[in-house]
Amino acid sequence: MKLRDHLPIDRLWSRAPVVAVLRFEGVIMSRPRRGGVSLASHATAIERAFRVSNLVAVAVVVNSPGGSAVQSALLFRRIRELAEEKHVPVISFAEDVAASGGYWLALAGDEIFSEETSILGSIGVISASFGFTQLIERLGVERRLHAAGERKSLLDPFLPENPADVERLTVLQQDIHRAFKEHVQRRRAGKIDTGDESLFNGDVLTGRMALNRGLVDGIGELRGVMRARYGDKPFWRRLPFTAREPIASIADLADWVEARLLWASFGL
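It should be emphasised that the depicted structure is a prediction, and the values quoted were computed from it without experimental measurement.

### Regarding the pattern of salt bridges
According to the stated counting rule, one finds 13 salt bridges in the structure shown. Here Glu116 makes a salt bridge to Arg208, at a shortest N to O gap of 2.9 Å. Residue Glu116 is located in the loop between strand E4 (111–114) and strand E5 (119–121), and its partner Arg208 is located in helix H8 (residues 207–212); the two are separated by 92 residues in the primary sequence. In this structure, Arg213 engages Asp196 in a salt bridge whose closest nitrogen and oxygen atoms are separated by 2.6 Å. Taken as a pair, Arg213 in the loop between H8 and strand E7 (218–219) and Asp196 in the loop between helix H7 (163–187) and strand E6 (204–206) lie far apart in primary sequence, 17 residues in all. Judged by its relative accessible area of 29%, Arg213 is partly exposed. By relative accessible area, Asp196 is classed as partly exposed at 22%.

Structure (structure tokens):
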């Protein structure tokens, strides 16, 4: 009996409500390392979250400056498909930052909560690269590029920037941006002013500002919100995901640098 007093046996026998917690922390990228996020890294955890017995809700905790629009969309879609199939509510929580692709992912929640000082929004599209033309000239390196199709090469970093390439890139970015806007308008319908274009100019907002403009539903954190809804002692089930891998190549180092730049753009 003394042992029973120290174990949650009664809670388990009474089938206490279970909240599955999914954490998405890091830059969203197609081949994540050092804490990055992708569908491949989190697919198993997402599937397991919706298979938990006596499940009453899935909490999605986001701490991400964004990254790949495609991976953000894939993660969002997988969560929503399972939520609708299992008829389970999803509640999203923004921590330090849920911006750009991170906010896209947070929209998987039926509701979104954040801290007053969380950073959200950044509803826009950005592309960054480097130009190495002067460097290879100083090194005496000759660039050889052969392509079939006049538009096969786009903004090659070893060639001078071509205005026509920039124009093509702008068209692509505008189309992705349009999809992002429509995604926000669809998921936040009735909560935001869909005619307010300043919501979609890439600006960032604090949690309090985001609440005033309808991008989040309330100020709160995971335990406080979920306990208020499902009792003082819900049974938490945190789902593990693929282990982080160490830096293994120059390409991975470049990914790490890019990730640091993304975090730094939000002061983190």
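### Details of the nonpolar core
Side chains of nonpolar character tend, in soluble globular proteins, to be buried together. Ranked by size, the top nonpolar core spans 45 residues in total, and within it Phe24, Phe50, Val58, Ile79, Val184 and Leu215 carry the most contacts. Residue assignment for this core shows that the elements contributing at least two residues are strand E1 (18–25), helix H3 (39–49), strand E2 (55–64), helix H4 (69–86), strand E3 (90–99), helix H5 (101–106) and H7. Top contributing element to this core by residue count: H4, with six residues. In this structure Val58 touches Ala20, Leu22, Ala49, Phe50, Val88, Pro89, Val90 and Ile91, once residues within four positions along its chain are discounted. Grouped together as the second largest cluster of nonpolar side chains are eleven residues, Val21, Phe93, Phe113 and Val225 included.

### Considerations on the side chain of Ser41
In this structure, Ser41 sits in helix H3. Within polar-contact distance, the side chain of Ser41 engages the backbone oxygen of Ser38 at 3.0 Å.

### As for the packing of aromatic side chains
Using the criterion set out here, one finds two aromatic pairs in the structure. Relative to Phe113, the ring of Phe93 lies with its centre 5.8 Å away and its plane at 20°, an arrangement referred to as stacked. With Phe93 in strand E3 and Phe113 in strand E4, the pair connects residues that are 20 residues apart, well separated along the chain. Taking the centre distance of 4.9 Å and the plane angle of 40° together, the rings of Trp104 and Phe180 count as tilted. Taken as a pair, Trp104 in helix H5 and Phe180 in helix H7 lie far apart in primary sequence, 76 residues in all. You can call Trp104 buried: its relative accessible area is 10%.

### Brief notes about the packing of H3 against H4
One way to put it is that H3 packs onto H4 with a least axis distance of 10 Å and a crossing angle of 10°. In terms of their interaxial angle, H3 and H4 are classed as roughly parallel. Where H3 approaches H4, its residues Leu39, His42, Ala43, Ile46 and Glu47 are matched on the opposing element by Gln71, Leu74, Leu75, Arg78, Ile79 and Leu82. Of the residues in the contact of H3 with H4, the class split is seven nonpolar, two polar and two charged.

How each quantity is defined
- Residues numbered from 1 in each chain as written.
- Predicted model: local features only at pLDDT ≥ 70, side-chain atom pairs only at ≥ 80, totals over all residues.
- Heavy atoms only, no water.
- Salt bridge = Lys/Arg side-chain N within 4 Å of Asp/Glu carboxyl O.
- Helix = DSSP H or I, 4+ residues; strand = E, 2+ residues; numbered from the N terminus.
- Buried < 20%, exposed > 50% of the residue type's maximum accessible area, 1.4 Å probe, protein only.
- Core = buried A, V, L, I, M, F, W, Y, C linked by side-chain atoms within 4.5 Å.
- Contact = heavy atoms within 4.5 Å.
- Polar contact = N/O pair within 3.5 Å; in protein donor to acceptor, adjacent residues only side chain to side chain.
- Phe/Tyr/Trp six-rings, centres within 6.5 Å; stacked < 30°, edge-to-face > 60°.
- Axes fitted to C-alpha atoms, helices over the stretch in contact; angles between N-to-C directions.
- Parallel < 35°, antiparallel > 145°, perpendicular 65-115°, else oblique.
- Nonpolar A, V, L, I, M, F, W, Y, C, P; charged D, E, K, R; others polar.

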